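The primary structure of each chain is shown beneath.
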Amino acid sequence: MNLRLRTAIVFALLLALVYFLVKIVSIYILIIFFNIVLLYINSVFLFAYLDLKGEKQTTMKKWPSVSIIIPNYNGESTLAKCIESVKALEYPSGKEIIVIDDGSRDGSRAILKKFSGIKHILKKKNMGKAAALNDGIRLARGEVIVTIDSDTFPEKDCLVKMIPCLNGGVAAVTGFVRAFNTKGFVEKLQEIEYLVAFGFFQKILSDINAILVTPGPMSAYKAGVLRDIGGFDEKNITEDMEIAFRLRQNGWRIAACIDAHMYTVVPDNMRSLFRQRTRWYRGKFVNTVKYGGMLFNPKFGEFGLFTFPFSVIVEWCVVMFVFVMVAANIEAVLNYFGALSLVLSAGVSPEYFIPAFFGLNSSFFFYLIGAAFYSVFIYYSHELAGVKLGLARLPEITLFIIVYSIFISAVFFFGFFKEINRSDYSW
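Below, the structure is looked at part by part. (Residues numbered from 1 in each chain as written. Predicted model: local features only at pLDDT ≥ 70, side-chain atom pairs only at ≥ 80, totals over all residues. Heavy atoms only, no water.)

## Structural notes on the environment of Thr-147
Now for step 1: For Thr-147, the position within the fold is in strand 4 (residues 144-148).
Now for step 2: Sequence spacing of Thr-147 and Ala-220 is 73 residues, and the spatial spacing of their C-alpha atoms is 6.4 Å.
Now for step 3: Setting aside chain neighbours within four positions, we find Thr-147 in contact with Ile-69, Leu-133, Gly-216, Pro-217, Met-218, Ser-219, Tyr-221 and Phe-232. (Helix = DSSP H or I, 4+ residues; strand = E, 2+ residues; numbered from the N terminus. Contact = heavy atoms within 4.5 Å.)

Encoded structure:
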C-alpha cells in the first residue's frame, strides 16, 4: 500500500488541529466530552430497551411466494450445508432457490451438481456479491426475495417468522444473526459481538424504526420494492448497508425479527477478521458521504435524527480520541525522554522515572463507563438469545469488553486511513 501525499497532509492537519485543541481546551475537557457523548448514547439505548413492548404477532391470510438467492464465491466448505439448510426451511407457500456461483475456482460447481430442485447461474468471471445478487433478482419469480450468504445456515422456522413482518410500510426484515463457529478465541469474541449487535441493538433499532443495515448473512425484501429502487449497488463494498440506506431514503421501513435465528461462519484468525472489519468500516465512510443528506434530517425520523448521526459521531469520537491521546502525549513523552537522558548522563538510576511514565491517564474513565454499559448490554443480549450466562463465560466477556473494543477502534482508525488514502478495495 502506497502512502499518498494527500493522506500525509490530512493526517498532519488533523493531528495539528487536535494538538491545538489540547493546548487551548485541555485534554481533560476533551475526555469529558467523549464520556458525555458515550454516556448519553448508551443511556438512550438502555432505557429504550427497558421500555420495549412485546412484538405484535401478525397473522398471515395469504403467504407470498419466496425466492431465496444464495450468492457463492469459493464457498465449497459451506455451500452444501447452506443449501441443505435452505431446502429444509419450513414455508407454506411457493419457495424457489437460486444459487449464483460468481466465478468460483474451487469445487463449488461440483457441489451444485449434487442438488436437485434448485436453479443456478454459473458466472465465468467474479463480479462481486452485489452483481451476483442482482443476477438472482432478475431470475427470481417470488413476491419476496430472501438473500442468504453461502456460509450461513438458517433455522427451519426463519421464513415463517420473518415474512409476516413484511407488512405495511416495511420493505425489509432482518433476523438474529449469530456466530456459527465458536470454538476458538477469536470466534468466541465475535460470538459476543454478534449477540450484542444483532440482538440487543437491532431489536431497539427496529422498535424505533432506525435500523442501519440489512445483514448480508440473511435478510428478506419485498421483491417489487427491491426492483423499484434498482437492486443492489454493484460498486459499493458494503451492499447490505447501502441498500438499507436507500430503502430509508425512499421512505421504507426496516424491521427486525429477533426470534428468527441464522448462523454464519465468522473469521477464525485476527488477520481475516481485521480485513473484514476494515471493509465494513470503509463501507460506512462511503455510505455516510453518499447519504449525508439524511444526517439530522427530521424527514427520516429517529433514523435521521438519532441513529445515523450518532453512529457517525461515536465513530468519529473513536478516531479523534486516538488523535487526542497522541497529540496530548507528544510533548510529555518528548520531555520525559529528554529529562531521562540528562539524568542517565548524570549517573542516576532510571527506575525513579518509571512511575511517572506509566501513570494512569484520564482516558481510563472513558473505557470504564463503556465497560459498565456493555456489561449490561451483554447480559440482555444473552437473555434475548436464550443463552445461559454463567461464570464460565466471564473471562471471554472481560476480554471482549477490554480487548475487543481496542481492536475495533484500531480497525476503524485503519479503515479511515485507507479511505483517505484511496487504497484499493479488497474482498
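From this point, the narrative continues.
## Topic: the pairing of strand 7 (residues 218-222)
Now for step 1: For strand 7, the tally of buried residues reaches four of five residues, placing the bulk of the element in the interior.
Now for step 2: Here five bridges tie strand 4 to strand 7, and the two strands are oriented antiparallel to one another. The residue bridging Ile-145 from the neighbouring strand is Tyr-221, located in strand 7.
Now for step 3: Of the pairings in the sheet, the one linking strand 6 (residues 170-179) to strand 7 comprises three bridges and is antiparallel in character. (Buried < 20%, exposed > 50% of the residue type's maximum accessible area, 1.4 Å probe, protein only. Pairing = 2+ DSSP bridges.)

## A word on the pattern of salt bridges
Now for step 1: The tally for this structure, following the rule as stated, stands at 16 salt bridges.
Now for step 2: Linking Asp-157 and Lys-161 is a salt bridge whose minimum nitrogen-to-oxygen distance equals 2.8 Å.
Now for step 3: Residue Glu-193 pairs with Arg-277 through a salt bridge whose shortest N-O separation is 2.6 Å. Here Glu-193, found in helix 7 (residues 185-207), pairs with Arg-277, found in helix 10 (residues 270-290); they are 84 residues apart in sequence, far enough to count as distant. Here Glu-193 matches Arg-277 in class, with each residue buried. (Salt bridge = Lys/Arg side-chain N within 4 Å of Asp/Glu carboxyl O.)

## Thoughts on helix 10
Now for step 1: Compared with the 30 Å implied by 1.5 Å per residue over 21 residues, the 30 Å span of helix 10 between its first and last C-alpha is a close match.
Now for step 2: Considered for burial, the residues of helix 10 that qualify are Leu-273, Gln-276, Arg-277, Thr-278, Tyr-281, Arg-282, Gly-283, Lys-284, Phe-285, Asn-287 and Thr-288.
Now for step 3: The N-terminus of helix 10 is capped by Asn-269, whose side-chain oxygen sits 3.3 Å from the backbone nitrogen of Arg-271. (Expected span 1.5 Å × (residues − 1). Polar contact = N/O pair within 3.5 Å; in protein donor to acceptor, adjacent residues only side chain to side chain.)

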